[in-house]
Amino acid sequence: MKNWKDMERTVAKQLGTWWGCEFRRTPSSGAWGKQTFSHHKSKASDDFHGDIVAPKEARFPFSVECKAYKEVELYKALYGASNIYEWWAQCVRDTPKKMYPMLVMKENRKNPLVAISDKCYKRLESVIPWDLPHMTLSTGKTIHIFDLSDFLKVVNATKVMELL
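Asker: So, the overall build of the chain: which residues are in play, and what are the values?
Answerer: Counting secondary structure elements, the chain contains six helices and seven strands. Walking the chain from its N terminus toward its C terminus, one meets helices and strands in the order α-β-β-β-α-α-β-β-α-β-β-α-α. Taken across its 164 residues, the chain has 46% of its residues classed as buried. In the structure as shown, the chain presents an accessible area of about 9400 Å², 50% of it carried by carbon and sulfur atoms.

Now the structure itself:
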């Protein structure tokens, strides 16, 4: 991936394949104000939050924030000095009520990671395989971090829709 736009497009495609609908990057400056998703009656601009959105009828329960940086500071997180803390705070702040924050972060030359809240994790625990590698990080509140591709391969979207 060359830049953050490429990363957002790739994540939108991955999430769309997983969820079974079209996802799009959230445009800046209201560029989509009059456009609609296919089969979507309201203006697309009514549904913007995060960096990637799905149409309302998809019932996607997450607000997705994407970050592509030279370094995702996992090691620094141990000492409370990681960029992840700032990213997670933004993700939570921008998440509408009745949705769950989802942070997708990508370090240069590494696979994207996905972070979900502890509340979300506890609701999904029954559909997340116990042997799916992940790490837990405390950012004031606990988040769970997975390899994005692995998460999407093994966590059933239909079950997620039922549980969230």
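Asker: Kindly report on the pattern of salt bridges, identifying the contributing residues and their values.
Answerer: Side chains that carry opposite charge are capable of pairing whenever their charged atoms lie near each other. One pass over the structure, following the stated rule, counts seven salt bridges. Between Arg9 and Asp6 there is a salt bridge, and its shortest N-O distance comes to 3.0 Å. On the criterion of helical spacing, the pair formed by Arg9 and Asp6 is a turn pair, its members being three residues apart in helix α1 (residues 4–19). Across the pair Glu107 and Lys110 runs a salt bridge whose closest N-O atoms are separated by 2.8 Å. Classification of Lys110 by relative accessible area gives partly exposed; the value is 47%.

Asker: I'd love a proper account of the nonpolar core, names of residues and values included.
Answerer: Ranked by internal contacts, the top residues of the largest apolar core, which has 32 residues, are Trp18, Phe62 and Phe151. Elements that contribute at least two residues to this core include exactly α1, β3 (62–69), β4 (100–107), β5 (113–117), α4 (118–124), α5 (148–154) and α6 (157–163). Considering every element that reaches this core, the biggest residue donor is α1, with six residues. Setting aside residues no more than four positions away along its own chain, Trp18 makes contact with Phe60, Phe62, Phe151, Leu152, Val155, Asn156, Ala157 and Val160.

Asker: So what's going on with the pairing of β4? Which residues, and what values?
Answerer: Buried residues dominate β4, accounting for eight of its eight residues. Two elements, β3 and β4, share eight bridges in a ladder whose sense is parallel. Note that in β4 the partner of Ala68 across the bridge is Lys106. Note: β4 against β5, four bridges, orientation antiparallel. If you follow Met102 over to β5, its bridge partner there is Ile116.

Asker: Please provide a residue-by-residue account of the pairing of β5, values included.
Answerer: Across the five residues that make up β5, a large majority, five, are buried. Neither face of β5 is exposed, since Leu113, Ala115 and Ser117 on one face and Val114 and Ile116 on the opposite face are all buried. The hairpin turn running from β4 into β5, its antiparallel successor, is five residues long, and Arg109 in that turn takes a positive phi close to 60°.

Asker: Lay out the side chain of Ser82 in plain terms, naming residues and giving numbers.
Answerer: Looking at the secondary structure, you find Ser82 in the loop between α2 (74–77) and α3 (83–94). A polar atom in the side chain of Ser82 sits 2.8 Å from the backbone oxygen of Glu73. The contacts of Ser82, once residues within four sequence positions are left out, are Glu73, Leu74, Lys76 and Ala77.

Asker: Go over the side chain of Thr95 with me, naming the residues and quoting the values.
Answerer: Residue placement: Thr95 occurs in the loop between α3 and β4. Here Thr95 falls in the buried class, since its relative accessible area comes to 14%. In terms of polar contacts, Thr95 uses its side chain to reach the backbone carbonyl oxygen of Cys91, at 2.6 Å. Leave out the neighbours within four places in its chain, and Thr95 touches Ser63, Tyr100 and Pro101.

Basis of the calculations
- Residues numbered from 1 in each chain as written.
- Predicted model: local features only at pLDDT ≥ 70, side-chain atom pairs only at ≥ 80, totals over all residues.
- Heavy atoms only, no water.
- Helix = DSSP H or I, 4+ residues; strand = E, 2+ residues; numbered from the N terminus.
- Buried < 20%, exposed > 50% of the residue type's maximum accessible area, 1.4 Å probe, protein only.
- Areas by Shrake-Rupley, 256 points an atom, 1.4 Å probe, with all protein chains shown as cover.
- Salt bridge = Lys/Arg side-chain N within 4 Å of Asp/Glu carboxyl O.
- Core = buried A, V, L, I, M, F, W, Y, C linked by side-chain atoms within 4.5 Å.
- Contact = heavy atoms within 4.5 Å.
- Pairing = 2+ DSSP bridges.
- Polar contact = N/O pair within 3.5 Å; in protein donor to acceptor, adjacent residues only side chain to side chain.

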